[in-house]
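Structure assessment
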Amino acid sequence: MVQISEIRIDPNSDEYFELSGTAGESLSNHSYIVINQTNGNRGIVSDVVDFGADTTLDDSGFFVVSDSGGSQTVVGDNSDQSENLSFVRGSGQGVTHLLVRYEDGADKVEVGDDLDAEDENSGDGEIDLTDGNLPWAETVDSVAFVRDEGQVAYSDTRVGPSDENAFGGMPAHIFRSESTGDFLIGTASTTEDNQDTPGTVNPVGDLDPDPDPDPDPDPDPDPDPDPDPDPDPDPDPDPDPDPDPDPDPDPDPDPDPDPDPAPDPDPDPDPGNDATDDFSPSEDGSSVEIGDIGDSNSVSFRLDDISVDNASEVRVFLGDGTDPIGSFSVLEAGNISSSFAPSFSVPAAEGDRLRFELVDENDNVTDGITSVNDDGSGTITFGDTTLSLLPEGTSAPNLVRDDDGDGAAYLDFASLGTGTSSVEFTVFREAEFDSTVGLYTVDDITGAIGGLNVGDEGYAEAALANAIDGLSLSTSDGSSTTTTATIDNQLFGTFISVEDPDFETVQTYFSFEAANGGNDHVKQLGSNAIGFEDLPGLGDADFNDLVVSFEVQTPPTIT
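Residues numbered from 1 in each chain as written. Predicted model: local features only at pLDDT ≥ 70, side-chain atom pairs only at ≥ 80, totals over all residues. Heavy atoms only, no water.

1. Here we look at the overall build of the protein
Tallying secondary structure elements over the protein gives two helices and 32 strands in all. Going through the 559 residues of the protein one by one, you find that 46% of them count as buried. A separation of at least 24 residues holds for 67% of the contacts in the protein among residues at least 6 apart in sequence. Here the protein has roughly 26,000 Å² of accessible surface; of this, 44% comes from carbon and sulfur atoms. (Helix = DSSP H or I, 4+ residues; strand = E, 2+ residues; numbered from the N terminus. Buried < 20%, exposed > 50% of the residue type's maximum accessible area, 1.4 Å probe, protein only. Contact = heavy atoms within 4.5 Å. Areas by Shrake-Rupley, 256 points an atom, 1.4 Å probe, with all protein chains shown as cover.)

Pasting the structure below:
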C-alpha cells in the first residue's frame with residue numbers, strides 16, 4: 001500500500017513530499033491534501049495535489065512531488081512531479097498532510113474548502129462536513145506537524161514539537177524510519193548533517209540510543225568492590241575519636257547562643273525566596289506580594305512555558321484595584337522563534353500586591369493563581385494555561401504606549417529627553433507574506449500629523465511621508481534579524497507594509513487602529529516588544545507575522 005514516507009517544509013528552500021510503496025503501484029484517483037488554518041478558520045484545505053490516471057510509483061517504489069518555486073537543491077533530479085506547494089501557513093493549529101483515494105468520477109476537494117465546517121472557527125480535529133460525509137472513499141495515510149501537543153490536527157499520527165528547527169517548534173523535516181516505519185524528525189538544515197533522501201531509501205534513524213545504555217552497566221560492577229574496604233577501616237578509627245568528642249561538647253554550649261540569632265534572618269527570605277526573586281503569594285494564591293527590589297520603581301517579569309489560544313491578553317492589577325496597571329499580549333505557544341523571550345514591566349514597590357488575569361480572544365477572564373517554586377521562580381496558573389515568572393527589578397523604561405489595553409499605538413522616545421538614541425531592533429517572522437515595519441513621527445499621542453487626525457483622508461500618505469528614512473525592519477520567514485539605528489527622541493507611530501498577493505498593491509496597516517477602519521493590527525507583547533498581524537480584517541489574529549523588539553543601547557544624546 002502507498003504511504004507518505006518523507007516531507008520537508010521550508011518556504012525559503014525546498015518543499016517536497018515523498019510517497020513510497022510497491023514499485024509500479026498506481027496513484028490513480030489519489031490526491032495529496034494539506035489541511036491548515038486560513039484567516040482564523042481551522043480545517044481549511046491549503047494545498048491539493050491530484051495524480052493522473054497513469055501516475056505510478058517508480059521502479060524503486062517512490063514518487064516525489066517538489067515545489068515548483070523552490071531551489072531544488074535537495075530534491076535535485078529526483079522530482080517526479082512539480083507543483084506550487086505552500087506547506088507553512090497559519091500557526092493556530094497543526095498542519096495535517098493526507099493521502100486520500102476517491103471513487104471514480106467523485107468530486108474532489110479544492111484549495112479553500114472547509115473540512116471542519118461544523119465547528120466554525122474553533123476546529124476540533126475531526127473532519128466533519130456539513131453533510132456528514134467524507135468527500136473521498138479512503139484515507140490512505142496521514143500525518144500532522146504540530147508545534148505543541150495541544151494543537152488541533154486532523155491525524156492520529158502527530159510529529160512534533162521539535163527543539164531543532166527554526167519554525168517555532170514545528171518540525172521542518174520528517175521521514176519514516178526504514179527499520180521501524182515510525183515517523184522521525186530530521187534535521188532542519190538542508191546543508192549540515194542533511195538527512196533528506198527524496199526518491200531513495202530513508203535512514204534507519206533508531207540505532208543511536210541503543211549503544212548508550214550498554215556502557216552504563218559495565219562500570220557499575222567496578223566500583224562495587226571499592227566500598228567494601230571502606231567499612232573495614234571504620235571500626236579502627238572509631239575508638240580513637242571517642243575521647244575527641246568529649247572536649248567538643250564543652251565548647252558547644254558557649255557558641256550555641258551566638259548562632260541562635262544567625263538563623264533568624266535565614267527563614268525571613270524563605271517566603272520571598274531570596275533578594276533576587278523576592279516575592280511571596282497570598283494564602284489563597286490570588287495575588288503575589290513584591291519584596292525587596294532595591295532602588296527600582298518597577299518589577300519585570302519574564303515569561304516561559306506559554307500555552308494559550310492565539311494572542312491572549314494578560315492584565316496586571318494592584319491590590320483590589322479594577323483598572324490594570326499593565327497589560328500585554330501573549331502569543332500562542334510555538335508561534336514565534338524560541339529566541340524571542342519578552343519581559344514586561346509594571347510599576348511596583350516593596351509591599352505591593354499584584355493580581356493577574358488572562359483574557360482570551362472571546363473576552364473570557366480567568367484569574368491567575370500564584371505559587372512559588374523551590375528555586376524561587378513563580379508560577380501563575382490560569383486554568384489550563386501556565387506562565388512561569390521570574391521577577392527582576394529593572395530600570396529600562398517601557399516605551400510602548402497605548403491608552404487601551406494591550407495595544408501599541410505609539411512609541412514614546414520623547415520621554416527620554418531631547419536629542420537622539422541608539423536603538424537595537426530585533427525582528428522575528430512567522431508569516432508567508434513578505435512584510436516591512438517602519439516608524440513615523442506623530443505630533444502627539446493621538447497620532448495626529450500636521451493637522452490631520454487619524455482616519456482623515458490623506459492620513460496614510462502623510463504618515464508614510466513622515467517615516468524614518470532608511471529604517472526598514474524585515475526578515476525572512478522563520479528567522480530573525482537585528483538592526484541598529486540612531487533615531488530622534490520623538491513620538492512615533494508604527495506601520496507594517498504587506499506584499500499580499502491577493503491585492504494588486506502593497507497593503508499598509510498602522511498602529512493607530514482608526515487608520516485601519518477600526519482594526520488594531522499591533523499588540524504589545526512585552527516591554528519594548530510589539531507584534532503585527534498582516535492579514536486584512538485581522539485574519540487569524542495571531543500577531544506573530546512580524547514581531548519587533550527593541551533596546552536603547554546608549555543613554556540619549558542631549559542637544
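2. Concerning the packing of aromatic side chains
Summed over the entire model, instances satisfying the criterion amount to 10 aromatic pairs. Ring centres of F17 and Y32 lie 3.5 Å apart, and the angle between their planes is 5°; this geometry places the pair in the stacked category. Here F17, found in strand β2 (residues 16–20), pairs with Y32, found in strand β3 (residues 30–38); they are 15 residues apart in sequence, far enough to count as distant. Each of the two residues, F17 as well as Y32, counts as buried. Their ring planes at 45° and their centres at 6.0 Å tell us that F425 and F550 sit as a pair that is tilted. Taken together, the residues span a long stretch of sequence, with F425 in strand β25 (residues 420–429) and F550 in strand β32 (residues 546–552) at a distance of 125 residues. Summarising the burial analysis for this pair, F425 and F550 share the class buried. Put simply, the rings of F413, F425, F492 and F550 pair up and form one aromatic cluster. (Phe/Tyr/Trp six-rings, centres within 6.5 Å; stacked < 30°, edge-to-face > 60°.)

3. Regarding the sheet that holds strand β27 (residues 480–488)
Spatial ordering of the open sheet is given by β27-β25-β32-β31-β30, a layout of five strands whose pairing is antiparallel. Every interior strand has two partners, whereas the edge strands, β27 and β30 (522–526), have only one. Strand-to-strand twist in this sheet, taken as the mean axis angle between neighbours without regard to direction, amounts to 25°. Here nine bridges tie β25 to β27, and the two strands are oriented antiparallel to one another. Note that in β27 the partner of F428 across the bridge is S480. (Pairing = 2+ DSSP bridges. Axes fitted to C-alpha atoms, helices over the stretch in contact; angles between N-to-C directions.)

4. Side note on the pattern of salt bridges
Between side chains of opposite charge, pairing is possible as soon as their charged atoms come close. This structure, assessed with the given rule, holds five salt bridges. Notably, a salt bridge pairs D196 with R8, separated by 2.8 Å at the nearest N-O pair. Residue D196 is located in the loop between β11 (183–185) and α1 (269–272), and its partner R8 is located in strand β1 (residues 3–8); the two are separated by 188 residues in the primary sequence. With respect to class, D196 is no different from R8; both count as buried. Measuring nitrogen to oxygen at the nearest pair gives 3.0 Å for the salt bridge that ties E138 to R101. Residue E138 is found in strand β8 (residues 138–145), and its partner R101 is found in strand β7 (residues 95–101); the two are separated by 37 residues along the sequence. With a relative accessible area of 30%, E138 lands in the partly exposed category. (Salt bridge = Lys/Arg side-chain N within 4 Å of Asp/Glu carboxyl O.)

5. Structural notes on the nonpolar core
Counting residues in hydrophobic clusters, the biggest one holds 27 residues, and the most contacted among them are F413, F425, L473, V548 and F550. If near-sequence neighbours (up to four positions away) are discounted, L473 is found in contact with F425, V427, S435, T436, V437, L439, T483, L546 and V548. (Core = buried A, V, L, I, M, F, W, Y, C linked by side-chain atoms within 4.5 Å.)

6. Let's talk about the sheet that holds β11
If you walk across this open sheet you meet the six strands as β6-β5-β2-β1-β10-β11, and the pairing is mixed. A strand with exactly one partner marks an edge of an open sheet, and here the two such strands are β6 (81–83) and β11. This sheet shows a mean twist of 25° between the axes of neighbouring strands, independent of strand direction. In this sheet, strand β5 (residues 62–67) lies alongside β2 in antiparallel orientation, the contact comprising five bridges.

7. Remarks on the side chain of S162
Looking at the secondary structure, you find S162 in the loop between β9 (158–159) and β10 (173–176). When its relative accessible area of 7% is taken as the criterion, S162 is described as buried. Apart from the residues within four sequence positions on either side, S162 is in contact with G169, P171 and I185.

8. Examining unusual backbone geometry
In most cases, non-glycine residues show a negative phi, while peptide bonds are predominantly trans. Between G160 and the following residue, P161, the backbone shows a cis peptide bond with an omega angle of 0°. In this fold, P161 is placed in the loop between β9 and β10. Backbone geometry places N29, a non-glycine residue, at a positive phi of 65°.

9. A closer look at the pairing of strand β28 (residues 491–498)
Counting buried positions over the eight residues of β28 gives eight, a clear majority of the element. In β28, alternate side chains face the same way, and those of L491, G493, F495 and S497 on one face and F492, T494, I496 and V498 on the other are all buried. Sheet topology note: the strand β24 (residues 410–412)/β28 ladder contains two bridges and is antiparallel. Bridge pairing in β28 places L411 opposite F492. Bridging between strand β26 (residues 435–441) and β28 involves seven bridges; their strand directions are antiparallel. For T436, the partnering residue across the bridge sits in β28 and is S497.

Fair warning: the whole summary comes from geometry, so function is off the table for now.
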